[in-house]
Number of protein chains: 2
Amino acid sequence: MTTLKELSKLLNISVSTVSKALNDSHEISDTTKKRVNELAEKLNYKPNRIAQQLKTNKTRTIGVILPTVTNPFFAEVLHGIEMAATNNDYDIIVCLSNETLNKEKRSLELLSNGSVDGFIMAVAREGQVKQEINHIQTILDSKIPVLMFDRVVDEIKCDKVIVDDFQSVYEVTEHLIEKEGRKHILLVSNIEELSVGKLRIKGYTKALEKYNLKPNILKLDNALDVEKSIHTYLSKNSEIDAIISIDHITGIVAINMAKKLGREIPNNISIVGFGYEHTELLSSPKISIIHQKAYDIGEMSVKLLLERLNTENHKAQTVIVPSELKLSESSKNSL
Amino acid sequence: MTTLKELSKLLNISVSTVSKALNDSHEISDTTKKRVNELAEKLNYKPNRIAQQLKTNKTRTIGVILPTVTNPFFAEVLHGIEMAATNNDYDIIVCLSNETLNKEKRSLELLSNGSVDGFIMAVAREGQVKQEINHIQTILDSKIPVLMFDRVVDEIKCDKVIVDDFQSVYEVTEHLIEKEGRKHILLVSNIEELSVGKLRIKGYTKALEKYNLKPNILKLDNALDVEKSIHTYLSKNSEIDAIISIDHITGIVAINMAKKLGREIPNNISIVGFGYEHTELLSSPKISIIHQKAYDIGEMSVKLLLERLNTENHKAQTVIVPSELKLSESSKNSL
DNA sequence: TTGTAGGCGTTATCAA
DNA sequence: TTGATAACGCCTACAA
């Protein structure tokens, strides 16, 4: 890589003159500027990023710590983060915790040595179950901003971007009851130990309470065979006339199983799931989804974090990104 | 952040002594080592990564440039890359080209200023269509190693990790003909302009040639409604007794459409797609898939790149990661 | 056993 | 208008 020093030698002028010329300083004559720029161009000079970072003590890099990236929700969030970061001339260093506390800790620790200006993260399942938060608080104490999205730790004071988990499920449940006349709504869950799962279940139960209906919850967390579990439940409980899946997979499975059992969708049973970009393509009839604006969540996370990086201690804020109910053929009153 | 200088001041010893003590140099007395380490511990000292990078001219960071991360194939590759990188104490900076040439160019350019030691990339769709490769060659000319995976540019000499696209489709086609007695095999494609798409199609046509069968190819590239296109084709061509989808979505759609048309799977028609981790869950009957070892591809990519970084110019090599045919209920002779 | 000095590549201050 | 010098934080050859 070409350096300032090399340029300065070749041109027989000082390093500092070269530097100023390249930065178009008014102190430098047009003729030298021209000479410098031409040679720089020719040798494809680029300022060494690492040296700049050392000098300015800013990395323009965000550490992004995700539980996984094969879950389409996190993939789409990452997409949003990457785009927003790029648009603001930031890089992202991505670490995957694989839902484990250890890897999450390690990543935070390793990157908090000056590698990044701040973090965007969703906590690992294990950490959320065990309620461990010290490693995150440590980072904050060392004055590195952390933004948490989706899965969030209430006890930690920092910027947060969350989804309207409670509200969206509450509303869809209410919709199923009021608009579609459903009375036996099953909730299928494989994430009930996550903060988001708890909120979604709460939205469901609260709505049922309002109408004096009784909850039916099928927890699949350790189920080896999701298809079979759902199939069995449905065949044994023929009164079920609606299913809400609170993740992005089991809703599709529910559609397939309902069809297999000869249930007519949506006449006989309505099915709603959580979904993202291409979820709808994957079932026939198309599944109704609570569409989480994952991309927006990513964008918003970057926005908030950069605000914090560029402003002196304003108060921590929490932004809720509303999701959108997309009713489809698998819902009775399809739009 | 605590620095060596701060420690040295507090302990009234020189910076270099502190540095040596922390690096457990034999030059330093045990008593000083102890003093230094205790204070370092107490103040949570961590060597500044940026300074180390500047000093050693090594970043221990890999630039990863992906077309997208919402495609589960690339998500899984990223997973493999991240894990392998972490295991070797490397970070990854992730950029998404969004399948555009511009973003890909920009990312390569921005990171080639000393930010990374090397690149792992799959080229954007646009670049592959337009056959533009100069930006990649430029990076290689500047002595930064590039490893290409999956979508690959033949004209560029560099390490490559690819899938056995031709072979796997050839074999599955042969299997459908020989073992399942299929004669009217439809290939559904939405990636025929990619290097991998071309190879898969070639595998299909070559196999058909061998048996003197005629190819049926349904190109969906610009199809607004994939479901409808497949539905229409199937209803007009009732002789079709097998479908091979060369991507990870349209196979699922094909299953749903075949069912809708009353076709019996697998008695009446066999359906095979490309897939990854959870693809099988999404259809009933479970789709047969050519399972690409995306995670392995990521791991292998890191392995090869690190080999190149740590060894003097050995020759460029290409590794083929074989995929695995997983026959399922949607195939006649299910295992 | 400890300390001094120089340098990685850049930028900023001050002097010429 | 240009150049010398110092500094960011770390490491290391060499001197003490």
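Residues numbered from 1 in each chain as written. Chains lettered and ligands numbered in written order. Predicted model: local features only at pLDDT ≥ 70, side-chain atom pairs only at ≥ 80, totals over all residues. Heavy atoms only, no water.

In the annotation of an unreviewed UniProt entry, chain A is listed under the name LacI family DNA-binding transcriptional regulator and assigned to Winogradskyella luteola.

Turning our eyes to something else, we now look at the interface of chain B and chain A. Tallying the contact residues gives 50 residues for chain B and 49 residues for chain A. Across the contact surface, chain B and chain A share six salt bridges. Glu227 of chain A serves as the salt-bridge partner of Lys286 of chain B, at 3.8 Å between the closest nitrogen and oxygen. Taken together, the links from chain B to chain A amount to 20 residue pairs in polar contact (both at pLDDT 80 or more). Looking at the side of chain B that touches chain A, the elements with two or more residues in it are helix 4 (49-56), helix 5 (72-87), strand 2 (91-96), helix 6 (101-111), helix 11 (226-236) and helix 12 (250-260) of chain B. Among the elements that make up the side of chain B that touches chain A, the one with the highest residue count is helix 5 of chain B (seven residues). Among the residues making up the side of chain B that touches chain A, the classes are represented as 22 nonpolar, 15 polar and 13 charged. (Contact = heavy atoms within 4.5 Å. Salt bridge = Lys/Arg side-chain N within 4 Å of Asp/Glu carboxyl O. Polar contact = N/O pair within 3.5 Å; in protein donor to acceptor, adjacent residues only side chain to side chain. Helix = DSSP H or I, 4+ residues; strand = E, 2+ residues; numbered from the N terminus. Nonpolar A, V, L, I, M, F, W, Y, C, P; charged D, E, K, R; others polar.)

The next point concerns the packing of helix 1 (residues 4-11) of chain B against helix 3 (residues 30-42) of chain B. All names here are of chain B. Two numbers describe how helix 1 lies on helix 3: the axes approach to 11 Å, and their chain directions differ by 120°. One element, helix 1, and the other, helix 3, form an angle in the oblique class. Remark: the crossing between helix 1 and helix 3 carries right-handed chirality. Each of Leu7, Leu10 and Leu11 in helix 1 lies in contact with helix 3, whose residues at this interface are Arg35, Val36, Leu39 and Ala40. Residues belonging to the contact of helix 1 with helix 3 are distributed by class as follows: six nonpolar, no polar and one charged. (Axes fitted to C-alpha atoms, helices over the stretch in contact; angles between N-to-C directions. Parallel < 35°, antiparallel > 145°, perpendicular 65-115°, else oblique. Left-handed = near helix turned anticlockwise from the far one by under 90°.)

So, about the packing of aromatic side chains. Residues and elements named next belong to chain A. One pass over the structure, following the stated rule, counts six aromatic pairs over all chains. Grouping aromatic residues by their ring pairs yields a cluster made of Phe73, Phe74 and Phe149. A cation over an aromatic ring shows up here: Arg200 above the ring of Phe274, its NZ or CZ 4.0 Å from the ring centre. (Phe/Tyr/Trp six-rings, centres within 6.5 Å; stacked < 30°, edge-to-face > 60°. Lys NZ or Arg CZ within 6 Å of the ring centre and 35° of its normal.)

Quick look at the protein's contact with DNA strand D now. Taken together, 26 residues lie near DNA strand D, and Thr17, Lys20, Thr32 and Lys55 of chain A together with Leu4 of chain B sit nearest. At 2.7 Å from a phosphate oxygen of DNA strand D is found a side-chain nitrogen or oxygen belonging to Thr32 of chain A. Secondary structure elements with two or more residues in the surface near DNA strand D: helix 2 (15-22) and helix 4 (49-56) of chain A together with helix 1, helix 2 (15-22) and helix 4 of chain B. Residue classes in the surface near DNA strand D are distributed as seven nonpolar, 12 polar and seven charged. (Near = heavy atom within 4 Å.)

This brings us to the relation of the copies chain B and chain A. Once chain B has been moved 0.0 Å along the axis and rotated by 180°, it coincides with chain A to within an RMSD of 0.1 Å. Look at the turn and shift together and you get a two-fold axis relating the two. For chain B, the residue whose C-alpha comes nearest the rotation axis is Ile93 of chain B, separated from it by 2.2 Å. (Least-squares fit on C-alpha atoms with pLDDT ≥ 70 in both.)

This part is about the packing of helix 9 (residues 165-178) of chain A against helix 10 (residues 195-210) of chain A. Residues and elements named next belong to chain A. Put simply, helix 9 and helix 10 touch, their axes get as near as 7 Å, and they point 35° apart. In the packing of helix 9 onto helix 10, the handedness of the crossing is right-handed. Contacts from Asp165, Phe166, Val169, Tyr170, Thr173, Glu174 and Ile177 of helix 9 reach helix 10 at Val196, Leu199, Arg200, Lys202, Gly203, Tyr204, Lys206, Ala207, Leu208 and Lys210. Taken together, the residues of the contact of helix 9 with helix 10 break down into nine nonpolar, two polar and six charged.

All names here are of chain B. The strand order across the open sheet built from six strands is 7-6-8-9-10-12, with neighbouring strands paired in mixed fashion. Whereas interior strands pair on both sides, the edge strands pair on one side only; in this sheet they are strand 7 (216-219) and strand 12 (324-326). Across the sheet, the axes of successive neighbouring strands diverge by a mean angle of 20°, strand direction being ignored. As paired elements, strand 6 (residues 185-189) and strand 7 share four bridges and run parallel to each other. Bridging from a neighbouring strand, Leu187 pairs with Ile217 of strand 7. Against the sheet, helix 10 (residues 195-210) touches strand 6, strand 7, strand 8 (242-245) and strand 9 (270-275), its axis set at about 170° to strand 6. (Pairing = 2+ DSSP bridges.)

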